[in-house]
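# Analysis of the macromolecular model
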Amino acid sequence: MRDKCGIVGMYSSDQSKDVAPLIYYGLFALQHRGQEAAGISAHNGNEINTYRGMGLVCDVFNNGKIKGLEGNVGIGHVRYSTTGKSNPANVQPFTSEFQGGRIAIAHNGDIINSMELRQEMEENGHEFNSTTDSEVISHLLSSEYANNNDMVKSIEIVAGKLVGSYSLVVLLNKDLYVVRDPLGIKPLALGEKNGTKMVASESVAFDVVDVDYIRDVEPGEILILNDDIQSHKMEIAKNTPNAHCMFEYVYFARPDSIMDGQNIYNVRLNIGKALHREFPVDADVIMPVPDSAITAAIGYSRESGIPYGEGLIKNRYVGRTFIMPTQEEREMSVKLKMNPIKSELEGKSIVLVDDSIVRGTTSKALINVLKESGVKEIHLRVGCPPIISPCYYGVAMATKKELIAANNSIEEIKNLLDVDSLGYLDIHALKECIGLDYDQLCMGCLNEKYPTELPKNLKAYESCRC
Ligand code: SF4
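Bear in mind the structure is a predicted one, so any value in this text is a computation, not a measurement.

Before going further, it helps to spend a moment on the site of the ligand. Near the ligand you find Ile 185, Cys 245, Met 246, Phe 247, Cys 391, Tyr 393, Val 395, Cys 442, Met 443, Gly 444 and Cys 445, and these make up its full shell. When residues of the shell around the ligand are traced back to their parent elements, those giving at least two are helix 7 (246–252) and helix 16 (444–447). In terms of residue class, the shell around the ligand is built from ten nonpolar, one polar and no charged.

Right, here's the structure in full:
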């Protein structure tokens, strides 16, 4: 499962300071949010310069390429693709010239109605260089700004047209604008220290460059970062509920992040504890599916008093594996990612804690690996309630027919996975663990109550997501 991207924006009141190296470190801290491509744009007092490329942050910016990016204001991006293929034309930040100057934009999210908006603009003579929804936002913003010369007003107008999720950093000539969609689906945090202002998808990006976390950007808030922080609340965001993605808390965000006031590490500990309260079982050891379920497994262990142990070791140097054609090859790819420690598993009864189950194919392969290692009993505990419907806001999970919980009862899933017992966290318990109310959370993939209208043409929408 993949999220769509991480973003960083930074302004230093010290005009002689180059922010690109700091943005680079911030992107490193967000590498888990996107590993396909990375890029940075900075304004040097005269113009915006951009460097971007395919690969990890360290690959893209090797050989001192960061040195060409001078200036005290800039933005950065790490990418996973959901709209638009993974190719160089789709790498961000996007930059374009227009009547009012030059604009660079970095986007985390997914615009449900981007195809319709793009078609409309193409009919009006716009030409696109990429296949992403982020470029659609860039065209919309620059067109509005060319008309009214007021970026805050332009953002409000464009926000009225966009359906979906978007956290944005926008460099309009030398000015840095920050936008979070009115529902706050994607995260965005604000930090500051000694005249340096910074926004990032997760607060961990502040820690690495020694900036203090101040607060989260509010849903529907537009910030202008310069020597001061100017804030505007969009009209359409007033008196509307929020819809923060529950999956950030369960899986995506780093456990050392703070998101919308909640400490992710504590949320995951709570999830593990709640899983034990809901589904207690006698076992020899509690084991996580590494790395994302480690904290929840610690929580289960603390609540139950059963020791925590490691039975699977993750190979951290394996990136995305392409879909292998045969079952045997697919199992090999799982073994490449997760290797069992047989001495810790043989003859044991284990509680295996996982963060979520999407298709069930990885879980099945892992369980086979554990059984081959001589495990006596496997009790699977899942920190996310059953995923019964797809995401339309930038989390690439699967279509409905591929989701194991959309097509099988819990008992059937238990039998398909061949485990001794199976327990999914209850949706109300998840809300309690996160510590936010239902009117603050998106749980669309769990209960089909989505916070926006859905794509008009589902087939066409799915075919342009990858
Ligand atoms: S549908 Fe699910 S994954 Fe998508 S934003 Fe909502 S909670 Fe997150």
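Right, let's get into the nonpolar core. Ile 137, Val 170, Met 246 and Val 353 are the most contacted members of the largest nonpolar core, which totals 134 residues. Both of domain 1 (6–241) and domain 2 (259–439) provide at least three residues apiece to this core.

The parallel open sheet is built from four strands, whose spatial order is 17-20-21-22. Strands with a single pairing partner mark the edges of an open sheet, and in this sheet they are strand 17 (285–288) and strand 22 (421–424). Averaged over all adjacent pairs, the angle separating strand axes in this sheet is 20°, with direction ignored. For strand 17 and strand 20 (residues 349–354), the ladder comprises four bridges, and the chain directions are parallel. Counterpart to Pro 288 in the pairing with strand 20 is Val 353.

Turning our eyes to something else, we now look at the environment of Tyr 300. Residue placement: Tyr 300 occurs in helix 9 (residues 294–304). Classification of Tyr 300 by C-beta neighbours within 10 Å gives buried; the count is 30. Setting aside residues up to four positions removed in sequence, Tyr 300 forms contacts with Gly 272, Lys 273, Leu 275, His 276, Ile 286, Val 351, Val 353 and Arg 381.

Right, let's talk about the pairing of strand 10 (residues 196–200) for a bit. A large share of strand 10 lies buried, amounting to five of its five residues. Burial of strand 10 is two-sided: the residues Thr 196, Met 198 and Ala 200 facing one way and the residues Lys 197 and Val 199 facing the other way are all buried. As paired strands, strand 1 (residues 6–12) and strand 10 are joined by five bridges and run antiparallel to one another. Across the sheet, the residue bridging to Tyr 11 is Lys 197, located in strand 10. Across five bridges, the pairing between strand 9 (residues 189–193) and strand 10 is antiparallel. By the bridge assignment, Lys 193 is partnered in strand 10 with Thr 196. Where strand 9 folds back on strand 10, the antiparallel hairpin that results is connected by two residues, among which Asn 194 adopts a positive phi of roughly 45°.

Here is what the cut-offs are and how they apply
- Residues numbered from 1 in each chain as written.
- Predicted model: local features only at pLDDT ≥ 70, side-chain atom pairs only at ≥ 80, totals over all residues.
- Near = placed C-beta within 6 Å.
- Helix = DSSP H or I, 4+ residues; strand = E, 2+ residues; numbered from the N terminus.
- Nonpolar A, V, L, I, M, F, W, Y, C, P; charged D, E, K, R; others polar.
- Core = buried A, V, L, I, M, F, W, Y, C linked by C-beta atoms within 7 Å.
- Buried ≥ 20, exposed ≤ 12 C-beta atoms within 10 Å, placed from the backbone.
- Domains from an automatic or database assignment.
- Pairing = 2+ DSSP bridges.
- Axes fitted to C-alpha atoms, helices over the stretch in contact; angles between N-to-C directions.
- Contact = placed C-beta atoms within 7 Å.

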